[in-house]
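Spelled out from the first residue to the last, the chains are:
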Amino acid sequence: MNWLTNIVRPKIQSFIGQKSETPDNLWHKCKGCGQLLYVNDIKKNLSICPNCDHHERIGPTERFDNLFDNAAYKLVELPKANEDPLKFKDQKKYTERLKAARSKSEYEDAIAVAYGKMGNVNTVVAVQNFLFMGGSMGIGVGNGIIAAAAQAIEKKAPLILFTAAGGARMQEGILSLMQMPRCTVAVQRLKDAGLPYIVVLTDPTTGGVTASYAMLGDIQIAEPNALICFAGPRVIKDTIREELPEGFQRSEYLLEHGMIDMIVHRAEMKSKLTQLVSLLMNKAA
C-alpha cells in the first residue's frame, strides 16, 4: 500500500499536472445571445457580437482608440477629489472599494478625458467608465466633466461625452448629488462660449446622470439597445404594478418617443461624430 501511495500516486499526479490548461480569458460569453466568442475576435469587432449585434460595455481607452484620428490623443489631467469625505463604510470601507476598482483599471475614477483630432477637428472627449464602480457619479466624475468643459473652452473645441452610469455614488451621499448642478453649470459655460456639446448615451445611463448633464446635449445620440432612464424598469414595474411596453427605456423606444435624436451603431460612431463636429464647428466659426 505504501508503494502505491508514496510512488505511483505522486507520479500520476505529476503527469496530470503537466497537462496544459485552457486560459480562462480565451472566451467571452455574449450578454445578448449567450454565444461563446473568441475574445480576440470580439475585440477586433469593436466589442460587438457578430452573431446578435449586441454592443458590449467598453472603457475609455477603447473609446479613445476608436474615435481619435490614428488613435492619437493626449489625456487631460483631472483634479484629485477627497477620496472619502464621509468616512463611509458598509460591508467594506469606501477606501477599500476604491482601491479594488483602481487595481482593475488604468484610471483613478469612473471618468477619463482626452484631447485630440477627429477628422482634423480639435475635439475633447470624456468617457464614463461603467467598469469602475458602475460608472457612479461622485466628486471625481464631477471634477472630470468640469475639467473636460474647461479644456474645451480653452481649446475652443467641441465636447463629446459618452455616458455610462448606474447613478450617483452612494458612498459620497449628498456630495454625489451636488455634482448634478456643478456639471450643469459647466455645460452651460460651454454653451455660452458657443461650443457644441454632444452626448452619446451608452448602456446603461441611469439615475442622477440622466437627470442632469446626460440629457443636456445639443445633439443626443445613443448606441443600439442601451438602457436610458432615471429609475429602472424593474423599479417602475414594482411601483405601478403594471406591465411595461416592450423595449421600455431602451434607445429605440426613446427615439420613437422623441427623447433622443439618433441611434448610431458603434462601427459608424466615429464617422458620424466627425461629420457632426465638422458641421457644428463650421457653423460656430
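As shown above, the structure is provided for reference.
A quick note: this is a predicted structure, and the numbers were derived from the prediction, not measured.

A. Region of the structure containing the overall build of the protein chain. Looking only at helices and strands, one finds eleven helices and nine strands in the protein chain. For the protein chain, the spread of C-alpha atoms along the principal axes amounts to about 90 × 45 × 45 Å. When burial is assessed residue by residue, the protein chain has 42% of its 285 residues classed as buried. Taking all contacts inside the protein chain whose residues are at least 6 apart in sequence as the whole, residues at least 24 apart take part in 67%.

B. Spotlight on the environment of Met 178. If you trace the backbone, Met 178 turns up in the loop between helix 6 (173–177) and helix 7 (179–192). For Met 178 and Ala 168, which are ten residues apart along the polypeptide, the C-alpha to C-alpha distance reads 9.7 Å.

C. Looking closely at a nonpolar patch on the surface. On the surface, Leu 26, Trp 27, Leu 36 and Tyr 38 cluster together into a nonpolar patch covering about 400 Å² of accessible area. With respect to the element layout, Tyr 38 can be found in strand 2 (residues 36–38). Residue Tyr 38 is classed as partly exposed on the basis of its relative accessible area, which comes to 41%.

D. Layout of the sheet that holds strand 3 (residues 73–75). Read from one edge to the other, the open sheet built from seven strands follows the order 3-4-5-6-7-8-9, with strand pairing classed as mixed. Of all the strands in the sheet, the pair left with one neighbour each is strand 3 and strand 9 (262–263). Bridge count for strand 4 (residues 111–118) against strand 5 (residues 121–128) is eight bridges, and the pairing is antiparallel. Bridging across to strand 5, Met 118 finds its partner in Val 121. Packing against the sheet, helix 5 (residues 139–155) makes contact with strand 4, strand 5 and strand 6 (159–165), and its axis sits at approximately 20° to strand 4.

E. Up close: helix 3 (residues 60–67). Considered for burial, the residues of helix 3 that qualify are Pro 60, Thr 61, Arg 63, Phe 64 and Leu 67. Burial along helix 3 is one-sided: seen end-on, the buried residues are contained in an arc of 160°.

F. Main features of the pattern of salt bridges. Taken as a whole, this structure holds twelve salt bridges when the rule is applied. Of the charged contacts in the structure, one is a salt bridge between Arg 102 and Glu 83, with a shortest N-O distance of 2.7 Å. Pair noted here: Arg 102 is in helix 4 (residues 94–103) and Glu 83 is in the loop between strand 3 and helix 4, with a separation of 19 residues, a long-range link. Close ionic contact of Glu 243 with Lys 237 constitutes a salt bridge, the shortest N to O distance being 3.2 Å.

G. Structural context of the side chain of Thr 274. Considering the arrangement of structural elements, one finds Thr 274 in helix 11 (residues 266–284). Assessed through its relative accessible area of 18%, Thr 274 is described here as buried. Apart from residues lying up to four places away in sequence, Thr 274 is in contact with Met 118 and Gly 119.

H. How the structure looks around the pairing of strand 7 (residues 197–205). For strand 7, the buried fraction is high: nine of the nine residues fall into the buried class. Where strand 6 lies against strand 7, six bridges are found, and the strand directions are parallel. By the bridge assignment for strand 7, Phe 162 is matched with Val 200.

I. Spatial organisation of the packing of aromatic side chains. This model, assessed by the stated rule, comprises five aromatic pairs. Three or more aromatic residues joined by ring pairs make a cluster, and in this case those are Phe 64, Phe 68 and Tyr 73.

J. Summary view of the nonpolar core. Ranked by size, the top nonpolar core spans 59 residues in total, and within it Val 125, Leu 159, Ile 160, Phe 162, Tyr 213, Ile 221 and Leu 273 carry the most contacts. For this core, the leading source of residues is strand 4, giving six residues. If we skip the residues at most four places from it in the chain, Ile 160 touches Met 118, Thr 123, Val 124, Val 125, Ala 126, Ile 198, Val 200, Leu 273 and Val 277.

K. Local environment of the environment of Val 187. For Val 187, the location among the structural elements is in helix 7. Since its relative accessible area comes to 5%, Val 187 is described here as buried. In sequence terms Val 187 and Met 281 are 94 residues apart; their C-alpha atoms lie 17 Å from each other. Ignoring anything within four residues of it in the chain, the contact list for Val 187 reads Tyr 197, Tyr 213 and Leu 216.

Rules of the game
- Residues numbered from 1 in each chain as written.
- Predicted model: local features only at pLDDT ≥ 70, side-chain atom pairs only at ≥ 80, totals over all residues.
- Heavy atoms only, no water.
- Helix = DSSP H or I, 4+ residues; strand = E, 2+ residues; numbered from the N terminus.
- Buried < 20%, exposed > 50% of the residue type's maximum accessible area, 1.4 Å probe, protein only.
- Contact = heavy atoms within 4.5 Å.
- Patch = residues over 30% accessible without salt bridge, like charges linked within 9 Å, V, L, I, M, F, W, Y side chains within 5 Å.
- Areas by Shrake-Rupley, 256 points an atom, 1.4 Å probe, with all protein chains shown as cover.
- Salt bridge = Lys/Arg side-chain N within 4 Å of Asp/Glu carboxyl O.
- Pairing = 2+ DSSP bridges.
- Axes fitted to C-alpha atoms, helices over the stretch in contact; angles between N-to-C directions.
- Arc of directions from axis to C-beta.
- Phe/Tyr/Trp six-rings, centres within 6.5 Å; stacked < 30°, edge-to-face > 60°.
- Core = buried A, V, L, I, M, F, W, Y, C linked by side-chain atoms within 4.5 Å.

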